[in-house]
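Given next are the chains, with one letter for each unit.
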Amino acid sequence: MAGNVDYNKKVLEHFKNPRNMGELKNPDAEATVGNPSCGDVLKIMLKISPRDDSSRPDNENIISDIKFQTMGCAAAIASSSMLTELAKGKSLNEAKKITNNDVAKALGELPPIKIHCSNLAADALRKAIENFEKSNANI
Amino acid sequence: MSRGIEVGGIYLDNAATTRVDEGVVKKVSEFFTKNYGNASSQHSIGREAKEELEKARSEIAKFIGAEASEIVFTSGGTESNNLALKGLALANPEKKHIITSVIEHPCILETCKVLEKQGYKVNYVGVGKDGIVDAKDVERKIRKDTLVVSVMHVNNEIGTIQPVEEIAEICKKKGVYFHTDAVQGFTKINLDLKNIDLMSVSGHKIHAPKGVGFLYVKKGTKISAIINGGGQESGLRSGTENIPGIIGLAEVLKKKIDKKKIEKIRDRIVRGLLEIPGTKINGSRDNRIYNNIHVSFYGIEGESLMLMLDSEGICVSTGSACASTKLKESYVLKALGIEELYIHGSLRLTLDEITVEEADFVVEKIAEKVMKLREISPFKFEKGEMK
Ligand SMILES: Cc1ncc(COP(=O)(O)O)c(C=O)c1O
Ligand code: FES
């Protein structure tokens, strides 16, 4: 019945004190993805703004704020939290490249049966950025 | 009795296993160091072991209103269930049909699957939203070649009490064997064995040691052994008897359980939990064993909740998909047809004696953790939603 999963300290710490958890008012982009394996749900919300940095003239868009909401196991919550830390401040192009592996590695490690939970987080971010790019392409 | 994983810990997972009673430990330890004989040996130490073994058998038989010769000691619930179904199948090869329920323990369901591969037809009777098998559904499925009907007494997850005496009576009339897995109900709810042919019991659910149990086999039942060897247990279960375990099982039956007290505390916790918005009780509230609470909280996930409670020293279990090795929600909860946003957030609390203070602490902590997880969740429980 019980999976009897052993989480490392870092995972438990993010699970107990998730970063960037909650809602953004008027997000510039958002995406909700569901976990096909176990049926849980993760939502990512983004604030996107031009990089305000005179040393970098490209003025590209960066993720200036990010928040998540997750219904899922400890690994899913910790992965969401870690993902938001990895993504915050990154350009959209950089952020798109974040993989589930990056999230899992940043957390130390995840029990094998919980790898799919970190997939969910990376997928949600990519989808949110794509949603942003799609809606802005139309303007 | 019981409680106390570590200082301040509150163990609410007594359907998984129980703390062995202190008196039982004391009694049993003699049978490791002093009275350690093999009941098959001819010398005095062996004869003494045999005598104690038979005394325990008689005590257990008396407790359930059976004859000593009707008790077959095994290694526990799983083995007893295997022996019941496979043993009947071996001894009655002309009958190829079995009826059981969808909410049985895996050791019944998996045994049935093995028998299906051997050419048996198995009907799995469903349950209502209340988590209870309808005896009439069972009756309708009985055929000429039905070997056995096996329905559990009390479900291990949701604690619902099945109408086994009623089903047993139907089976008796139709001339079909009836077996019940009484692992969760034994010592808690009395069963009349009049029409019950076989009954499985496990020690570790009732404050006796792990790895011991028995199968009650009514006189005259045609059944074969599935473990062969030296012919112990009247040939029905070979292997040197687990005398310390068996003694422990007999000893624990002398203890009185204050059922009313546990039930009262259980009801207090239930009342407290129902104050949390978006909380539902899973399965029948009335036809339920007195120490079981099974609830679901809207919009959150059970493994997370269980872990948060664990960090407060509160041990519970969940039927959530995320907590299972197969990433599938419990088949029992699924059989009840629980709504999507409730099925993930399930929690099972199975009580032994705890204090009112502990009970209130548990309610307070659960409420706090549910609210915290709802904050994290994208699904907020809206006021006014049907409870
Ligand atoms: C209803 C039921 N049947 C059978 C078993 C198996 O018993 P045991 O652990 O003694 O093999 C259990 C306990 O896991 C149970 O709850
Ligand atoms: S979210 Fe279900 S196992 Fe992680």
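Further up the page is the structure itself.
Residues numbered from 1 in each chain as written. Chains lettered and ligands numbered in written order. Predicted model: local features only at pLDDT ≥ 70, side-chain atom pairs only at ≥ 80, totals over all residues. Heavy atoms only, no water.

Q: Explain the interface of chain A and chain B to me, please; I cannot follow it from the model alone.
A: By convention, interface size is frequently given as the accessible area that disappears when the constituent parts associate. Across the boundary between the two partners, chain A contributes 26 residues, which contact 28 residues of chain B. Each partner contributes to the roughly 2,200 Å² buried at the junction of chain A and chain B, and carbon and sulfur atoms together form 67% of this total. Run the count over chain A and chain B and you get one salt bridge. With its nearest N and O atoms 2.8 Å apart, the salt bridge here joins A:Lys114 to B:Glu303. Run the count over chain A and chain B and you get nine residue pairs in polar contact (both at pLDDT 80 or more). Elements with a minimum of two residues in the side of chain A that touches chain B: α1 (9-16), β2 (41-50), β3 (61-71) and α2 (74-87) of chain A. No other element matches the four residues that β3(A) contributes to the side of chain A that touches chain B. Within the side of chain A that touches chain B, the residues separate by chemical class into 15 nonpolar, seven polar and four charged. (Contact = heavy atoms within 4.5 Å. Buried area = accessible area lost by both parts, 1.4 Å probe. Salt bridge = Lys/Arg side-chain N within 4 Å of Asp/Glu carboxyl O. Polar contact = N/O pair within 3.5 Å; in protein donor to acceptor, adjacent residues only side chain to side chain. Helix = DSSP H or I, 4+ residues; strand = E, 2+ residues; numbered from the N terminus. Nonpolar A, V, L, I, M, F, W, Y, C, P; charged D, E, K, R; others polar.)

Q: Before we go on, may I ask you to explain the site of ligand 1 in this structure?
A: All names here are of chain B. Taken together, 14 residues lie around ligand 1, and Thr78, Asp181, Gln184, Ser202 and Lys205 are the ones closest in. At a separation of 2.6 Å, a nitrogen atom of ligand 1 approaches a polar side-chain atom of Asp181. Relative to its unbound accessible area of 390 Å², ligand 1 is 85% covered by the protein chains. Ranked by residue count, the leading element in the shell around ligand 1 is helix α3 (residues 77-91), at three residues. Residue composition of the shell around ligand 1, by class: three nonpolar, nine polar and two charged. (Near = heavy atom within 4 Å. Areas by Shrake-Rupley, 256 points an atom, 1.4 Å probe, with all protein chains shown as cover.)

Q: Is there a simple way to think about helix α8 (residues 259-274) of chain B in this case?
A: One turn of the α-helix equals 3.6 residues, which is why residues spaced by three or four share an orientation. Residues and elements named next belong to chain B. Compared with the 22 Å implied by 1.5 Å per residue over 16 residues, the 22 Å span of α8 between its first and last C-alpha is a close match. When we look at burial in α8, the residues that qualify are Ile262, Ile265, Arg266, Ile269, Val270, Gly272 and Leu273. Along α8, the residues classed as buried sweep out an arc of 160° about the axis, all on the same side. Exposed positions of α8 whose direction lies more than 90 degrees from the buried face are Lys260, Lys264 and Arg271. (Expected span 1.5 Å × (residues − 1). Buried < 20%, exposed > 50% of the residue type's maximum accessible area, 1.4 Å probe, protein only. Arc of directions from axis to C-beta.)

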